[in-house]
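Now for the letters of each chain:
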Amino acid sequence: MSEMNDIINEGEKYLLHAYNRFPIVFDRGEGVWLYDKEGKKYLDFFGGIAVSCLGYGNSTYTSALHEQIDKLTHISNLFYTEPLVGAAKGLCDASGMDRVFFTNSGAEANEGAIKMARKYHYAKGNRDRTEIIAIEHSFHGRTMGAVAVTGNKSYREPFGPLIGEVHFAAYNDLAGVEKYVNEKTCAVIFETLQGEGGIYTADDAFMKGVRKLCDDNDVIMILDEVQCGFGRTGKMFAYQHYGVMPDIVTMAKGIGNGVPVGAFACREHVAALVPGDHGTTYGGNPFVTAAVNAVLKVFDEENILENVRKAGKYMYDKLEWLMARHACITAHRGMGLMQGIELSSAPGPVIKKAHENGLIIISAGGNVIRFLPPLVITETEIDRMAEILDKILD
Ligand SMILES: *Cc1c(COP(=O)(O)O)cnc(C)c1O
């Protein structure tokens, strides 16, 4: 125990205390299992917050990264590289969008999307079309622009003034969104499936209704699929379940399987950023885009979407079973391998007990336990997860 404690104590001394970390020091991963410094094994049902979509040590992925490290890891956006162009095409094919800008994180993807929406109207001469409609209990990241559209007051209030003119409507409340649409509206931004907010799914009527509102009023529809995108719900992007296309989609988390990479992708008619408007030194470097290409290759070769649909349904049934057995579970929601159960009290003690029992799960807003396993999870491992939780909830 002492080695882990030493590392934890040193961490508490030198790291900015911006996180309350769990007292585990992870060392390595294999498949859907994680190992701490003492060799204790944990079943992973959080995937580093929906990032490690292929699990750990996928050989196609790791060998692609090794190969790229030996060739070139960085060159800047002043030149082309083959991984960059390949990943841009791959993301367009997967999303149905026309153009891609690579970022280093999800927050930055949302910053870029907001800048592009503002520039779209500015370029048309509509300089006062700056208002943004966002959604309560949303999460879009921690940078100034992203936090300004995040529907959680405690994340925003200490950091003001933020970018202004943001209105918040309730999720799935089409009339609430419509109320804020006027000749100054620039964009609407929301998550197709809310993650941090507590695993809430957009209604069909809301998705289609917002799309129509945006079409009728020349408002940009931005979908944040940083968490729910890239296969997590059983389609490459969650909006593909609805037959609705956004004007801009933002992504990150799963797209690099752990390498820091994000992107925003757009349709041609909103591609308003031109040379001089926006930039990034690292964004889309050959190392991170080689990772994106490798993830897409594994999705294809190993039928990842098929597994998400199958395992997602299995996990859904398993969590329904668990809910039927335990009165403290009051709700169950989600899609694919992004699901949550709501407890009648704060989930902290259950999460702590799960960790002690070798199962990694995390919380989300409103007493929710979130399940975000690697997309390669199998039925046997879902059974194991349910067994551990069943025992703890007793
Ligand atoms: C995680 C997340 C972000 C922020 O991504 P970072 O890479 O942490 O900046 C934005 N939107 C959603 C929906 C997220 O889940």
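Residues numbered from 1 in each chain as written. Predicted model: local features only at pLDDT ≥ 70, side-chain atom pairs only at ≥ 80, totals over all residues. Heavy atoms only, no water.

Trainee: Can you lay out the environment of glycine 348 for me, pointing to particular residues and giving the numbers?
Mentor: Mapped onto the elements of the fold, glycine 348 is located in helix α12 (residues 348-356). Taking the relative accessible area as the measure of exposure, glycine 348 reaches 39% and is therefore partly exposed. In this structure the C-alpha to C-alpha distance between glycine 348 and serine 363, which are 15 residues apart in sequence, comes to 7.7 Å. (Helix = DSSP H or I, 4+ residues; strand = E, 2+ residues; numbered from the N terminus. Buried < 20%, exposed > 50% of the residue type's maximum accessible area, 1.4 Å probe, protein only.)

Trainee: Requested: an account of the packing of helix α11 (residues 304-325) against helix α13 (residues 379-393), with residues and values cited.
Mentor: Each pair of packed helices can be described by the angle between their axes along with the distance between the axes. Direction vectors running N to C along α11 and α13 enclose 15 degrees, while the axes themselves pass 10 Å from each other. Judged by the angle between their axes, α11 and α13 are roughly parallel. Seen from above, α11 lies across α13 with right-handed handedness. Packed against α11, whose contacting residues are Lys310, Ala311, Tyr314, Met315, Lys318, Leu319, Trp321, Leu322 and Arg325, the element α13 presents Glu379, Ile382, Asp383, Met385, Ala386, Leu389, Asp390 and Leu393 at the interface. Its residues placed into classes, the contact of α11 with α13 shows 11 nonpolar, no polar and 6 charged. (Axes fitted to C-alpha atoms, helices over the stretch in contact; angles between N-to-C directions. Parallel < 35°, antiparallel > 145°, perpendicular 65-115°, else oblique. Left-handed = near helix turned anticlockwise from the far one by under 90°. Contact = heavy atoms within 4.5 Å. Nonpolar A, V, L, I, M, F, W, Y, C, P; charged D, E, K, R; others polar.)

Trainee: Can you break down unusual backbone geometry residue by residue, with the values?
Mentor: The step from glycine 160 to proline 161 runs through a cis peptide bond, and the omega angle for that step is -5 degrees. Structurally, proline 161 can be placed in the loop between α7 (153-156) and β6 (166-169). Its identity is not glycine, yet histidine 137 carries a phi of approximately 65 degrees, on the positive side. Within the chain, isoleucine 199 stands out as a residue other than glycine whose phi angle is a positive 60 degrees. Tracing the backbone through its elements, the reader meets isoleucine 199 in the loop between β8 (193-194) and β9 (200-201).

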